[in-house]
Amino acid sequence: MSKEKEIEIADPESEQTANEEQPQPEVQEAEEDIEMAEEAAEADPVAKLEAENAELKDQLLRKIAEFDNYRKRTLKEKTELILNGGEKTITAILPVLDDMERAVADTTDDPQAIKEGMELILKKFVKTLESIGVKKIDTEDKDFDVDFHEAIAMVPGMGDEKKGKVIDCVQTGYTLNDKVIRHAKVAVGQ
């Protein structure tokens, strides 16, 4: 038996304060069990098995602590992602907002200049949305598809060639990274 063991056995109060200072008493106990078992393993096979058992117990405790740390870290990362996930989108849209503010602050009375300015801002906004993965659902001369379209009206008397086809788009639909975020509201031929 080592001198540390003799000191711990002789003074139980010092053992309590030492355990209070250690963050993981199970790991320390497992290491002590390993040392004791290795000394006794030389004597008989039962002690050898006890040493192996103590070593496996130590490995298990370490893996449990490692997994717990992993779980806490991924939970923290997920929380940060939820809180700050829209930062990229907002940053991309801010230049369009700046253009809108400049257009509102402009004092020109020329309606053509105002219209051209708004068209430029609209093009910039559409380009910004496309850069972050938002795409317009195409409806022109397409077959009605429930995955992308929402029928809000049925138009009778359009003929057989227009039956089941999109006649008119009332509200544009959009996808984000190939996932529909808003269905296109359309009128369908009957």
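As the structure is a prediction and not an experimental result, all values here were calculated from the model.

Re the packing of helix 5 (residues 87–105) against helix 6 (residues 111–131)
- Close contact between helix 5 and helix 6 brings their axes to 9 Å; oriented N to C, the two are set at 170°. The angle between the axes of helix 5 and helix 6 places the two elements in the roughly antiparallel class. On helix 6, the residues that touch A92, I93, P95, V96, D99, M100 and A103 of helix 5 are M118, I121, K124, F125 and T128.
- Class assignment for the residues of the contact of helix 5 with helix 6 results in nine nonpolar, one polar and two charged.

Quick look at the packing of aromatic side chains
- Considering all chains together, one arrives at one aromatic pair under this definition.
- Between F67 and Y70 the ring centres are 6.2 Å apart and the planes differ by 40°, which places this aromatic pair in the tilted class. Linking F67 with Y70, this pair stays in helix 4 (residues 45–84), spanning three residues, or about one helical turn.
- Taking relative accessible area as the criterion, F67 reaches 52% and is therefore assigned exposed.
- The exposure class assigned to Y70 is partly exposed, which follows from its relative accessible area of 44%.

Some remarks on helix 4
- Spanning 40 residues, helix 4 covers 58 Å between terminal C-alpha atoms, matching the ideal 58 Å at 1.5 Å per step.
- What helix 4 keeps buried is the set A47, A51, A54 and D58.

A few points about the pattern of salt bridges
- Under the defined criterion, the tally for this structure stands at seven salt bridges.
- With a shortest N-O distance of 2.9 Å, K124 and D99 are connected by a salt bridge. A residue pair is termed long-range when its members are at least 10 positions apart, and K124 in helix 6 and D99 in helix 5 qualify at 25 residues.
- Relative accessible area serves as the criterion here: at 34%, K124 is assigned to the partly exposed category.
- According to the relative accessible area criterion, D99 is buried, its value standing at 15%.
- Note that K142 and D138 form a salt bridge whose closest N and O atoms lie 3.8 Å from each other.
- The partly exposed category is assigned to K142, whose relative accessible area is 35%.
- By sharing partners, the salt bridges in this structure join D68, R71 and K72 into a single network.

Calculation notes
- Residues numbered from 1 in each chain as written.
- Predicted model: local features only at pLDDT ≥ 70, side-chain atom pairs only at ≥ 80, totals over all residues.
- Heavy atoms only, no water.
- Axes fitted to C-alpha atoms, helices over the stretch in contact; angles between N-to-C directions.
- Helix = DSSP H or I, 4+ residues; strand = E, 2+ residues; numbered from the N terminus.
- Parallel < 35°, antiparallel > 145°, perpendicular 65-115°, else oblique.
- Contact = heavy atoms within 4.5 Å.
- Nonpolar A, V, L, I, M, F, W, Y, C, P; charged D, E, K, R; others polar.
- Phe/Tyr/Trp six-rings, centres within 6.5 Å; stacked < 30°, edge-to-face > 60°.
- Buried < 20%, exposed > 50% of the residue type's maximum accessible area, 1.4 Å probe, protein only.
- Expected span 1.5 Å × (residues − 1).
- Salt bridge = Lys/Arg side-chain N within 4 Å of Asp/Glu carboxyl O.

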